[in-house]
Every structure is written in C-alpha cells, then in structure tokens.
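Architecture at a glance
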Amino acid sequence: MADVILMPRLSDTMTEGVIAAWHKKVGDPVKKGDLLAEIETDKATMELESYKDGILLHTGGDKGVKIQVDDLLAIVGKAGEDISSLLKGGNATAAAPVKKEEPKKETTQPTATTNQSAVSGTQPAAIDVSKMPASSADRDEVVLMPRLSDTMEEGVIAAWHKNVGDTVKKGEVLAEIETDKATMELESYKNGTLLHIGAQKGEKIPVNGLLCIIGEKGKVDVNAIVAAVNSGEVSTGSTVNAPEQVSESPKISAEPAKETVQTEASSANNGRVKASPLAKKLAAEKGIDIKAISGTGDGGRITKADIDNYMPAAQTAATTAAPKTVIPAVVPVFVAGQEGYTDIPNSQIRGIIAKRLGESKFSAPHFYLTMEINMDNAMTARAQLNEISPAKISFNDLVVKAAALALRQHPAVNASWMGSTIRRYSHVHIGIAVAIEDGLIVPVVRFADQKTLPQIAAESKELAGKAKNKKLQPNEFSGNTFTISNLGMMDIDEFTAIINPPDSCIMAVGRIKEVVVKKGEGFAVSNFMKVTLSCDHRSVDGATGASFLQTFKKYLENPITMLL
C-alpha cells in the first residue's frame, strides 16, 4: 500500500513550506534514507528523507511551489499502484509558486526538529512567545513536554544529560524521557545555556508541561517565565501543539538519537565526509574512523545504519571471545513470621497497559474460539527450511505467516470497530506481543502477508531485541491490524488474551505438546498445538472467526501451501 507523505512542520512557527529542490522525480526508485527533497521554511532550508523503499509515484508541487503544513507532499509506493483515491483525499493541489518576501524576524527557536511521516508529523509543544516577558522573548527557548506517542499523557525524566548552568549546543542530547512505550532522547535545537529544568530524575511532567528553559545566562528572568508558564499565561494555542497522531519517525525518538531532517547538506566536494550529523556523532562516540565506512545512503551518504552495521574484523573476534557478565538478580529478604510488603510505583508502560486493556475488556464484548492443530508437518517443514534459510525460522514465524495469509482470505477479521462503522483494512500488519521488564509491548511486522518466512524471522528477531532494549521507533509499535500472543515457550498449554485495540481479534498460542493418537490399527505420537482466538463480537461473529481459524489450521498443517 502506498504511503502518503504530508508536509511536516519543521519549526514551531512554520505554516507552509517551499519546495527548494527535488532530489528524486516521479518514477524514480527510492530507498529508505534517500534524500527526497529540500524544504525551505521560515527558519532554514532542510532536507527530507524517505522512510521506506518504493517508487516515487506523485509529488505535490514543483520547485518553488508552496505547500501548507499537513498537505500532500509526495506518495511513495509500488510501481503501477493505483493512487487515485489518495489524490482525491490527500489535498494534492499545490499552491502557487512562492513569491520572494523579506526574511521574517525570528522571535523564538523551535524545541526540536521532526522528520516526515507517512501520515502526520508529531511536534514537541512550543509556547506562544508573544505572551512571554518582553525582556526575554527574543533570547530564550521554553521547551514543553512533547507528546511522543499517540497514548502519551505524561513523561518521566529518566535522565538529564545537562545540568542547570551547562552550555548547550544545537543537536546535543538534553534529557531522556520515559513514555508509556519507550525511553526517548530529547535534543536541543539551539545554542545557549540550560537555565531551568522542570523536574528532577524520576519525576513526571504532563504533556505541554514545562520541561526546561534554554537562553542567555544572566539576561533572562527565569522566575517570571516559570510563573507565566505555570499560571497559563503562556499558551500553546497560537504556535505548535503536539498532535494526537504519532509520527513515523520523530526527531525525539528512541535512544540513541535518530537521524531526521538535516539542516546542513554535507558534501564530498569540499573535503568533508558525506555523512549525516548523527552518523558523525555516533562514529566519534564509538571511536570509528568515518572515512573508512562506505555509505549506503543517497549518493554514498553515510547514515546511522552504516555506523551500526560497521564492525572491524578484530572487533568482531574480540566480541565473540568476550565472556558474558552475569548480573545476579536482586532477591527480596524474607523474615520468618514477619508480615511485610513492598509498594512498587507503576511505570508509564504498566499504567497504559492497565488503562487500555481495561477499556478493551470492559467495552468490547469478547468471545473465544479454541482449535487444536496438528504440527507434525510444520515441525518437519521448519527443520528443512532452516537448512537453507538465511535467518532461523521459529514456530512463531510460521504462525505469523499463516495468520497473515488467512487474514487475506478473511478480511472481516482484519478489521476495527469504529463506533458507527467497521473499518476493514486492505493491508495486513501483525502485532507480536513481547514481554519486557516493565510489562508488555507489541512491535508490528508490517505487510506480513507479502513477506517470506526468512524476512518475517529476521524482522521479528530485530523488533523483539529493540523492544527489550526500549529502542523501538513509534512506527514499529503502532498500526497493527491483528495481534498474536505466544506463551508456548513457557510451557503454557492454552490461554485467552485480551484484545489489543484497535484490533478486532487477538490469537493466543500455546505450546506444542506430544499426544498419543490412534493411527491405523496401532498408536503413535503426534504433536499438537492449541490456539485461542479472542474476538470482538461487535465486528466479528462466531462463524467468521471459526472460518478464519479453519483456514489458519490448513496453512499450518500443510506448510507448503504458505510458499505458493
């Protein structure tokens, strides 16, 4: 399915962007990380990178054309894909070519830059500087707590990387923010001094609450600004409010800091290495000579992925030989005959799990369908596939593939209850529940029905690793149309799962168990697995869910059909 790229808000005062240049034209292949266009804002000319692979199918305007924020900028998809419906609903009409205007006088700096999203951009909240004390409005930057996920209501300060009084440079990490989904880094957009922080490590700040103030030391009335923010005199209404919708790849993102819009184009022609600022930063931190790395980005540009994937032979050998350090678990002390308890504060993730699944359980009428599946052929096929597969295929990967193909045949299950309508999705995005220290998170394998088993295996492993390290990007844990929860590896025979909104169904997968069965005139051992489908009766009926399970069973009991 084609992705619509809207004009992102690249500064707190930006209302429209001007196409300074296109680096790709309609019909050109586009890779993730390739430079698509340069956008001129009221603050600077910035580069826009592609977030996915595909073909550039449409552009919203030629060079010099103005496009309003959130209007259609480009469409990336598959060659020959029908995008007529996206053009009708995507505000594709470009504005008139830009006229030369006098440069605007800047009154504030944005709190952070953001990258393009296939749907919408998420902006950190900024304040209305017209209501700030006149003596400081032109020098300081008030940073409010941004909305970093679609369900976020508050953020916890996980760590400050700067102290009050420290010098701050543009692009430096100010703090780590723990949200309900992940721990993310906040970068500074300007140079200055950190004059005030709104909370200490471990404390909570609500969305749009005062996070910090950056300005010129000795020339800013911090107390007056704090009082104005806390009293509500400083409003977010006339500048940037953090939208409810989460970005595909925001600048404020899962640690470490992620590549996004660049404010300076690098060039190999003037002696500098052609690399993004983040790539240079990571290379310096890891002690890597960036000149020794071959870039895979647009025009040989070195990206974060190139740094992450670079490992010299000597380092690889040392890593392999290094023994693992075992950290002993903290065991609580129990005293015989003495009562006691420990109150453990809820994490952001635990709080949102309680809220969302409580709402799901008590608002969606659940019903459950359990089916037993013979896994003999699946076990044989898996062993044969792993002899040639570049990535080790697990039983859960077979389940994901079978479910994705079954959803393609039963679109009524691949749906969401929307109140007055039922939304049936034309794409299949499978969420896979992953247990982490703080609770549960659901990374998403997108377009699972179109991927091979090795691709699903590699992607699932990568997403699970990111989930456990709290490094998932917002687009990697959102957009699911169906969810799978597997406890088979923990010897659970069967269980029921609570539907993960906005899905209509979730499949609970148990372990593969040996069972003695009658075969011919004798007895033999077969391997069976039980699955339980939880359905929202508002959008999925019993017969619909049962038909889906029958198709799912056929795929798993005859795995060769998944390869056709």
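Placed above this text is the structure.
1. Description of the pairing of strand β12 (residues 173–178)
Taking burial as the measure, the six residues of β12 include six buried ones, the bulk of the element. For strand β10 (residues 154–160) and β12, the ladder comprises four bridges, and the chain directions are antiparallel. Bridging across to β12, Ile 157 finds its partner in Ile 177. Two elements, β12 and strand β13 (residues 183–187), share five bridges in a ladder whose sense is antiparallel. Residue pairing for β13: Glu 178 is matched across the bridge by Thr 183.

2. Here's the deal with the sheet that holds strand β16 (residues 210–215)
Within the open sheet, the four strands sit side by side as β9-β16-β14-β11. Their pairing is antiparallel. The strands lining the two open edges of the sheet, one partner per strand, are β9 (141–144) and β11 (167–168). As defined by bridge partners, strand β14 (residues 192–197) adjoins β16 across four bridges and the pair is classed as antiparallel. What sits directly across from His 196, in β16, is Ile 213. Against the sheet, helix α2 (residues 222–231) contacts β9, β14 and β16, and its axis sits at roughly 150° relative to β16.

3. With respect to the pairing of strand β25 (residues 482–486)
Summarising burial for β25: five of the five residues are buried, a large majority. Burial along β25 is two-sided: Phe 482, Ile 484 and Asn 486 and Thr 483 and Ser 485, pointing in opposite directions, are all buried. Examined bridge by bridge, strand β21 (residues 430–432) and β25 share three bridges and lie parallel to one another. Each residue of the ladder has a partner; that of Ile 432, found in β25, is Ile 484. Taken together, the four bridges between β25 and strand β26 (residues 505–519) define a ladder with parallel strand orientation. Bridging from a neighbouring strand, Ile 484 pairs with Met 507 of β26.

4. Observations concerning the packing of helix α8 (residues 395–409) against helix α9 (residues 453–468)
Contact geometry for α8 and α9: axes closest at 9 Å, N-to-C directions at 120°. Classified by the angle their axes make, α8 and α9 are oblique. Of the two possible hands of crossing, α8 and α9 adopt the one that is right-handed. Listed contacts from α9 to Asp 397, Leu 398, Val 400 and Lys 401 of α8 are Leu 453, Ile 456, Ala 457 and Ser 460. Of the residues in the contact of α8 with α9, the class split is five nonpolar, one polar and two charged.

5. Looking at the pattern of salt bridges
As enumerated under the stated definition, the model contains 13 salt bridges in all. Note that Glu 462 and Lys 466 form a salt bridge whose closest N and O atoms lie 3.7 Å from each other. On the criterion of helical spacing, the pair formed by Glu 462 and Lys 466 is a turn pair, its members being four residues apart in helix α9. A salt bridge links Glu 494 to Lys 530, with the nearest nitrogen and oxygen atoms 3.2 Å apart. Residue Glu 494 is located in the loop between β25 and β26, and its partner Lys 530 is located in strand β27 (residues 522–536); the two are separated by 36 residues in the primary sequence. Judged by its relative accessible area of 30%, Lys 530 is partly exposed. Salt bridges linked by common partners bring Glu 462, Lys 466 and Glu 476 together as one network.

Procedures and definitions
Residues numbered from 1 in each chain as written. Predicted model: local features only at pLDDT ≥ 70, side-chain atom pairs only at ≥ 80, totals over all residues. Heavy atoms only, no water. Buried < 20%, exposed > 50% of the residue type's maximum accessible area, 1.4 Å probe, protein only. Helix = DSSP H or I, 4+ residues; strand = E, 2+ residues; numbered from the N terminus. Pairing = 2+ DSSP bridges. Contact = heavy atoms within 4.5 Å. Axes fitted to C-alpha atoms, helices over the stretch in contact; angles between N-to-C directions. Parallel < 35°, antiparallel > 145°, perpendicular 65-115°, else oblique. Left-handed = near helix turned anticlockwise from the far one by under 90°. Nonpolar A, V, L, I, M, F, W, Y, C, P; charged D, E, K, R; others polar. Salt bridge = Lys/Arg side-chain N within 4 Å of Asp/Glu carboxyl O.

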